[in-house]
Amino acid sequence: MSAYAIRYVDRAARRKAALSPPQRTSLEELEKRLGLNPFGAPATSNRDNSWSASFQGGFLTYVVSNQHVVINVIDMVAL
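Everything in this summary refers to the structure shown in the same document. (Residues numbered from 1 in each chain as written. Predicted model: local features only at pLDDT ≥ 70, side-chain atom pairs only at ≥ 80, totals over all residues. Heavy atoms only, no water.)

## Digging into the pattern of salt bridges
Note the following rule: By definition here, a salt bridge exists when the distance from a side-chain nitrogen of Lys or Arg to a carboxyl oxygen of Asp or Glu is within 4 Å. Only DSSP runs of H or I reaching four residues or more are called helices, and only runs of E reaching two or more are called strands; each is numbered from the N terminus. With a 1.4 Å probe rolled over the protein chains alone, any residue whose accessible area is under 20% of its type maximum counts as buried; one over 50% counts as exposed, and the rest are partly exposed.
Enumeration according to the criterion identifies three salt bridges in this entry. In this structure, R11 engages D75 in a salt bridge whose closest nitrogen and oxygen atoms are separated by 3.5 Å. In this pair, R11 is assigned in helix α1 (residues 10-17) and D75 in strand β5 (residues 70-78), connecting sequence segments 64 residues apart. Assessed through its relative accessible area of 41%, R11 is described here as partly exposed. Residues joined by salt bridges that share partners form a network here, namely R11, R15 and D75.

## So, the nonpolar core
The cut-off we apply is this: The criterion is simple. A nonpolar core is a set of buried Ala, Val, Leu, Ile, Met, Phe, Trp, Tyr and Cys residues joined through side-chain atoms within 4.5 Å. Contact between two residues is taken to exist if any of their heavy atoms lie within 4.5 Å; hydrogens are not considered.
With 16 residues, the main nonpolar core has L27, L30, L34, F55, L60, Y62 and M76 as its most contacted residues. Of all elements in the fold, only α2 (21-36), β3 (51-55), β4 (58-65) and β5 reach the threshold of two or more residues within this core. With residues up to four places along the chain from it excluded, the contact list for L30 reads P42, A53, S54, F55 and L60.

Set out below in structure tokens:
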């Protein structure tokens, strides 16, 4: 099975760039897990074709394209 590519929309990319080093490390670990299976733990279905997953100090909201094997991060919140 191919790993999913992860793309960030502009707003989420800006928020990702502003993460602290510990948050960035935690997010990178989450990206590795989601890239292999965006529907498994720790993913949660939002019942609107989007999914959420948390990392240390934040969470992602994303949609998955199985046609192109891509995860599109549509929002990210750092707490």
